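Here's the letter readout for the chains.
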Amino acid sequence: YYRCSWSSDSSDSVISSESGNTYYRVVLIGEHGVGKSTLASIFAGVPDSLDKNTYERTLMVDGESATLILIDIASFEKASELRIQLRRARQTEDIPIILVGNKSDLVRCREVSISEGRACAVVFDCKFIETSAAVQHNVKELFEGIVRQVRLRRDSKEK
Ligand code: GDP
Ligand code: MG
């Protein structure tokens, strides 16, 4: 079951904005088997026919249209290591990062408590959410949350 799960970030998140719709690039990173592809396909359906690691879905978030491009990247690193690498690679950018504890339905084999997950997110300086792709819990909320995090940063830049 999950090892402090995988984190999802949206580096260079806003790709372009046209006729009221905004594109968001969201990268799913985490160890093999944590549920990245399942989460992506629950949220966005089948992957791109040419690029099986890319998914796309357009939806309304808080009355504003958003197209999410999900990029599903397998990683051999655990969440803490990935966080360090992200910080290094994106030093100057304030990119939204969400630590995701997936497979919350597997109650009996839980490895990370909710409070441990939250504490990790404090250390990682990021948001935290628990999801279950299997029972479709919090999946939409996760991706809506990413859009909101990107918008918050965009709006604070505009001021
Ligand atoms: P990835 O390697 O991170 O893309 O992981 P996958 O999406 O391929 O999922 C790995 C395995 O975990 C598959 O057998 C999925 O069916 C299973 N899985 C994914 N999400 C969940 C979940 O929320 N709950 C449970 N019980 N199993 C899940
Ligand atoms: Mg996968």
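Residues numbered from 1 in each chain as written. Chains lettered and ligands numbered in written order. Predicted model: local features only at pLDDT ≥ 70, side-chain atom pairs only at ≥ 80, totals over all residues.

Under an unreviewed UniProt entry, the protein chain has the name GTP-binding protein GEM and belongs to Aquarana catesbeiana. The annotation that UniProt attaches to the protein chain under Sequence similarities (unreviewed entry) is "Belongs to the small GTPase superfamily. RGK family." (UniProt positions renumbered as here; feature names shortened; annotations may be inferred.)

Engineer: Any details on the overall build of the protein chain? Residues and values, ideally.
Structural biologist: Of the regular secondary structure elements, the protein chain holds four helices and seven strands. What you see in the protein chain, going N to C, is helices and strands ordered as β-β-β-α-β-β-α-β-α-β-α. Within the protein chain, buried positions represent 37% of all 159 residues. (Helix = DSSP H or I, 4+ residues; strand = E, 2+ residues; numbered from the N terminus. Buried ≥ 20, exposed ≤ 12 C-beta atoms within 10 Å, placed from the backbone.)

Engineer: Break down the environment of leucine 99 for me, with residues and values.
Structural biologist: Mapping leucine 99 onto the fold places it in strand β6 (residues 97-101). Residues leucine 99 and valine 61, spaced 38 residues apart in sequence, show a C-alpha to C-alpha distance of 20 Å.

Engineer: I'd like a rundown of unusual backbone geometry, residues and numbers included.
Structural biologist: Of note, aspartate 62 is a non-glycine position whose phi angle comes to about 55 degrees, a positive value. If you trace the backbone, aspartate 62 turns up in the loop between β4 (54-61) and β5 (64-75). The backbone of lysine 103 sits at a positive phi, close to 70 degrees, despite the residue not being glycine. The topology assignment puts lysine 103 in the loop between β6 and α3 (114-124). Judged by the 23 C-beta atoms lying within 10 Å of it, lysine 103 is buried.

Engineer: Explain the site of ligand 1 residue by residue, including any values.
Structural biologist: Not every one of the 16 residues close to ligand 1 is listed here, only the nearest: Gly35, Lys36, Ser37, Thr38 and Ala134. Looking at the shell around ligand 1 element by element, the count peaks at three residues for helix α1 (residues 36-44). Of the residues assigned to the shell around ligand 1, the class counts are five nonpolar, eight polar and three charged. (Near = placed C-beta within 6 Å. Nonpolar A, V, L, I, M, F, W, Y, C, P; charged D, E, K, R; others polar.)

Engineer: Provide a residue-level description of the nonpolar core, including the pertinent values.
Structural biologist: Soluble globular proteins tend to bury their nonpolar side chains together. Counting 32 residues, the largest nonpolar core has Ile98, Leu99 and Ile146 as the members making the most contacts within it. At the level of elements, β3 (21-31), α1, β5, α2 (79-89), β6, α3 and α4 (139-158) are the ones that each hand at least two residues to this core. At six residues, α4 tops the list of elements feeding residues into this core. (Core = buried A, V, L, I, M, F, W, Y, C linked by C-beta atoms within 7 Å.)

Engineer: An account of the pairing of β6 is needed here, citing residue identities and associated values.
Structural biologist: Taking burial as the measure, the five residues of β6 include five buried ones, the bulk of the element. Side-chain alternation along β6 places Ile97, Leu99 and Gly101 on one buried face and Ile98 and Val100 on a second face that is also buried. One ladder, built from four bridges, connects β6 with strand β7 (residues 127-130); its direction is parallel. Counterpart to leucine 99 in the pairing with β7 is phenylalanine 128. For the segment spanning β6, α3 and β7, crossover handedness is right-handed. (Pairing = 2+ DSSP bridges. Right-handed = clockwise from strand over helix to strand, strands pointing away.)

Engineer: Describe in detail the environment of alanine 66, supporting the description with residues and values.
Structural biologist: Along the polypeptide, alanine 66 turns up in strand β5. Each C-alpha atom, one on alanine 66 and one on proline 47, is 18 Å from the other, the two residues being 19 residues apart in sequence. Leaving out residues up to four positions away in the same chain, alanine 66 has contacts with Thr22, Tyr24, Thr58, Leu59, Val61 and Val147. (Contact = placed C-beta atoms within 7 Å.)

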